Amino acid sequence: MEKFTKLKAIVAPMDRPNVDTDAIIPKQFLKSIKRSGFGPNLFDEWRYLDHGEPGMDNSQRPLNKEFVLNQDRYQGAQILLARENFGCGSSREHAPWALLDYGFRVVIAPSFADIFFSNSFKNGILLIKLDTQVIEQLFSDVAANQGYELSVDLENQTITKADGSVIKFDVDEFRKHRLLNGLDDIGLTLQHVDDIKAYEQRRSVEAPWLFN
Amino acid sequence: MAGKTLYEKIWDQHVVRDNGDGTALLYIDRQLVHEVTSPQAFEGLRLADRKLWRVDANLATPDHNVPTTDRSKGIEDPISRLQVETLDQNCSDFGITEFKMDDIRQGIVHVIGPEQGATLPGMTVVCGDSHTSTHGAFGALAHGIGTSEVEHVMATQCLVQAKSKTMLVSVDGEVNAGITAKDIVLAIIGEIGTAGGTGYAIEFGGDAIRALSMEGRMTVCNMAIEAGARAGMVAVDQKTIDFVKGRPYSPKDEQWQQAVKAWNELHSDSDAQFDTSVNIDAATIKPQVTWGTSPEMVVGVDNKVPDPDNETDDVKREGMIAALNYMGLTANTPMNEIEVDKVFIGSCTNSRIEDIRAAAEVAKGRKVASNIKLAMVVPGSGLIKQQAEQEGLDKILTEAGFEWREPGCSMCLAMNADRLEPGERCASTSNRNFEGRQGQGGRTHLVSPAMAAAAAIKGHFVDVTTL
Ligand code: SF4
């Protein structure tokens, strides 16, 4: 998993509540055997005018010019600003995979769906919960300023606006540690390699038939 | 100090490290791998440049997507084909033993694990599939995991786990003639509900469970997940040990002696404390048939379709009305008047030799009813198919009008070409009667193999013990 320390990036607004995992990455893409390459199909139904299927050449498909991620001013965005209950729906990890593959490393919203929340952190995306009024202000800032950027500093748990003002945010210590060090679940377990080896050593004497 | 339950014994033997936060790093002895839930795990390993911790702890086979008809033409559906080919490629890249589609040892993962002796008593067994609970029949701790956990086990041979609570389901006394493991487990789910086992590891005990064959115990543990429990298990006894003996992956010689000694300890101590206990009187169990869209919506075949008007709980009543609607059933219809269109005998619940024998016994010298569009028997593995053919069971079944297929998951979940059409009604020996499970709009009634065969012969449900 890629580390997350600091990020200064363009913010894209997703101005609707209850964006579910089906909207983030539609069902037909779940049949894929990959965990990468979902970026071009992120928000597929909103992003394109035709119906997307796996295997299509996405560069040839008609774009919905109205959709926020298709607008010039939001190209290269790595921070997504969203509304309540972002990521509700399925427990599959395809939604964070798609966000990440597109390039988003941070999602800011008033609230997130539970499973999506933990799946995102597991995959190296920082989710930040802020008060509704703060979010509201950010939405107007983004609308008013072309190329609007925010600086996110995970170590200090701050978001710095262009005018220098700072928003503090909360993050669970354990999740913060993992993100800062780029430790996924496997990385964490592999910190205990010695314990695993010692167990195998002992067990292969006790129950050798398990190690044939 | 109170004694330990079987679950606690196996748990304690597998703790690598206590994480101090209510979870532990648990060592996994065996991982079974199939084509649907493994590709992203392999890709994750590649992306992070990680290796398998213990290649020999993994065993793979394709099952969900394989065709059950002539395989010489390969797999028609491109997505299914890609999943199977990806499994082949991944297994060869990472060095995992795989029973490929054309290998006689290929079959449903939960059938081939025990068949090969790859599932042994006292093991921790995982697979990216919820019916991994099946393997608990051997006094093993077995449960399904998600794809990221599959990758975790591949890379570390461990899982981060919180300990479950323990439940004893004791089926006391003797069942009546003709009552099978499937009837027992459906009756249990009818009693405790599909959420009854949530948060628990269930140990099945009592005389009626002890009296079951290993196949029967696997059927019971297979459906523990349908009672909400991630794991179901049965204590080791002589039957367990006899079943395991001499299989390809089973220990041999000196190690066998040593293993048997350890396995004989794999039962709950007499003074062990369970968090909950449930007792069921075996003698009251009738042949079961589900009428709704959840395995707990089940009655004896001599009963009627329940009437939502008699249900006082509003939520339950709404659920019943919705289920009857989906199933196209009217309250108070006698179960044995319900006609079926298709019959499916197979799945990791009921595709073992004993199941096929039971179906053949009913089918012998009889004919499938004229209203049945398709009655199919899908063995759980190539070896079971072979054995059944040696016993002449395929002849009996095909003469009666059943189709005899190649092994795989088949119409249990309709990921391959075997499925129900909208509105079709099926007597199925599988484990899930959810909406659309066997094909969009399809209506599933869960039954035992003997009951399914009887429904095929009569064209409607019937008490097989009166046939
Ligand atoms: S037979 Fe059905 S329940 Fe069993 S593994 Fe296959 S799809 Fe899953």
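Residues numbered from 1 in each chain as written. Chains lettered and ligands numbered in written order. Predicted model: local features only at pLDDT ≥ 70, side-chain atom pairs only at ≥ 80, totals over all residues. Heavy atoms only, no water.

Caption draft 1: Structural context of the overall build of chain A. Secondary structure summary: chain A contains eight helices and seven strands in total. In terms of principal-axis extent, the alpha carbons of chain A reach across some 70 × 45 × 25 Å. Taken across its 212 residues, chain A has 52% of its residues classed as buried. For chain A, the exposed surface amounts to about 10,000 Å²; the carbon and sulfur share of it is 47%. Charged side chains of chain A number 25 positive and 31 negative; the gap between the two group centres comes to 3 Å. (Helix = DSSP H or I, 4+ residues; strand = E, 2+ residues; numbered from the N terminus. Buried < 20%, exposed > 50% of the residue type's maximum accessible area, 1.4 Å probe, protein only. Areas by Shrake-Rupley, 256 points an atom, 1.4 Å probe, with all protein chains shown as cover. Lys, Arg positive; Asp, Glu negative; His and termini not counted. Charge placed at Lys NZ, Arg CZ, Asp CG, Glu CD.)

Caption draft 2: Spotlight on the overall build of chain B. Looking only at helices and strands, chain B has 15 helices and 19 strands in total. Taken over C-alpha atoms, the radius of gyration comes to 21 Å for chain B, in line with the 23 Å a tight globule of 467 residues would show. Considered along the principal axes of its C-alpha atoms, chain B spans approximately 55 × 55 × 45 Å. Taken across its 467 residues, chain B has 62% of its residues classed as buried. (Rg over C-alpha atoms; globule rule 2.2 N^0.38 Å.)

Caption draft 3: Spotlight on the pattern of salt bridges. Summed over the entire model, instances satisfying the criterion amount to 33 salt bridges over all chains. Overlapping salt bridges bring together A:Asp15, A:Arg83 and A:Glu136 as one network. (Salt bridge = Lys/Arg side-chain N within 4 Å of Asp/Glu carboxyl O.)

Caption draft 4: The sheet that holds strand E12 (residues 276-281) of chain B, seen in detail. Residue and element names in this part refer to chain B. Sheet architecture is open: four strands sit in the order E11-E10-E9-E12, paired in parallel fashion. Only two strands of the sheet have a single neighbouring strand rather than two, namely strand E11 (231-233) and E12. Taking each pair of neighbouring strands and ignoring which way they run, the sheet shows an average axis angle of 20°. Pairing between strand E9 (residues 165-172) and E12: six bridges, direction parallel. Counted as the bridge partner of Asp172 is Asp281 from E12. Relative to the sheet, helix H1 (residues 6-14) contacts E9, strand E10 (200-205) and E11, its axis offset from that of E11 by approximately 115°. Each of E9, E10 and E12 touches helix H6 (residues 181-192); the most contacted strand, E9, lies at about 125° to it. (Pairing = 2+ DSSP bridges. Axes fitted to C-alpha atoms, helices over the stretch in contact; angles between N-to-C directions. Contact = heavy atoms within 4.5 Å.)

Caption draft 5: Layout of the site of the ligand. Lining the immediate environment of the ligand, one finds B:His64, B:His110, B:Asp129, B:His131, B:Ser347, B:Cys348, B:Cys409, B:Cys412, B:Leu413, B:Asn431 and B:Arg437. In the shell around the ligand, the residues fall into four nonpolar, five polar and two charged. (Near = heavy atom within 4 Å. Nonpolar A, V, L, I, M, F, W, Y, C, P; charged D, E, K, R; others polar.)

Caption draft 6: Seen up close, the nonpolar core. Residue and element names in this part refer to chain B. Membership of the largest hydrophobic core comes to 69 residues, with the highest contact counts inside it found for Val169, Val171, Ile184, Phe204 and Trp263. Per-element accounting of this core gives the leading share, eight residues, to H6. Excluding residues that lie within four positions of it along the chain, Val169 makes contacts with Ile188, Ile202, Glu203, Phe204, Gly205, Val278 and Ile280. (Core = buried A, V, L, I, M, F, W, Y, C linked by side-chain atoms within 4.5 Å.)

Caption draft 7: Inspection of unusual backbone geometry at higher detail. We note that A:Phe43 has phi near 55°; this positive angle belongs to a residue other than glycine. In this structure, A:Phe43 sits in the loop between helix H1 (21-24) and helix H2 (44-47). Residue classification places A:Phe43 among the buried positions, given a relative accessible area of 0%. Phi at B:Asp253 takes a positive value of approximately 50°, unusual for a residue other than glycine. Examined against the element boundaries, B:Asp253 turns out to sit in helix H10 (residues 253-263). By relative accessible area, B:Asp253 is classed as exposed at 65%.

Caption draft 8: A look at the packing of aromatic side chains. All names here are of chain A. With the rule as written, the count across this model stands at 16 aromatic pairs over all chains. Summarising the aromatic geometry, the rings of Phe43 and Trp46 are spaced 5.7 Å apart at their centres and angled 10° between planes, so their arrangement reads as stacked. A ring pair is formed by Tyr102 and Phe104, whose centres lie 5.1 Å apart and whose planes are at 20°; its orientation type is stacked. Given the relative accessible area of 21%, Tyr102 is considered partly exposed. Among the aromatic residues, those joined into a cluster by ring pairs are Phe86, Phe112, Phe116, Phe117 and Phe121. The ring of Phe121 carries the charged tip of Arg175 above its face, separated from the ring centre by 5.3 Å. (Phe/Tyr/Trp six-rings, centres within 6.5 Å; stacked < 30°, edge-to-face > 60°. Lys NZ or Arg CZ within 6 Å of the ring centre and 35° of its normal.)

Caption draft 9: Representation of the interface of chain B and chain A in the model. Between chain B and chain A, the residue contacts involve 38 residues of the former and 31 residues of the latter. In terms of surface lost to chain A, no three residues of chain B exceed B:Gln40, B:Arg50 and B:Trp53, which account for 19% of the buried area on that side. Our count for the contact surface shared by chain B and chain A stands at three salt bridges. Between B:Arg50 and A:Asp184 there is a salt bridge whose closest N-O contact spans 3.1 Å. (Buried area = accessible area lost by both parts, 1.4 Å probe.)

Caption draft 10: Just the sheet that holds strand E2 (residues 23-27) of chain B, in detail. All names here are of chain B. Within the open sheet, the three strands sit side by side as E1-E2-E8. Their pairing is antiparallel. Two strands close off the open sheet at either side, each with one partner strand: strand E1 (15-18) and strand E8 (158-162). Across the sheet, the axes of successive neighbouring strands diverge by a mean angle of 30°, strand direction being ignored. Bridging between E2 and E8 involves five bridges; their strand directions are antiparallel.

Caption draft 11: The arrangement of the confidence of the model for chain B in detail. Overall, the prediction assigns chain B a mean pLDDT of 96, with 100% of residues at 70 or greater. Among the prediction metrics, the complex's ipTM stands at 0.94, with pTM recorded as 0.90. (pLDDT = per-residue confidence, 0-100.)

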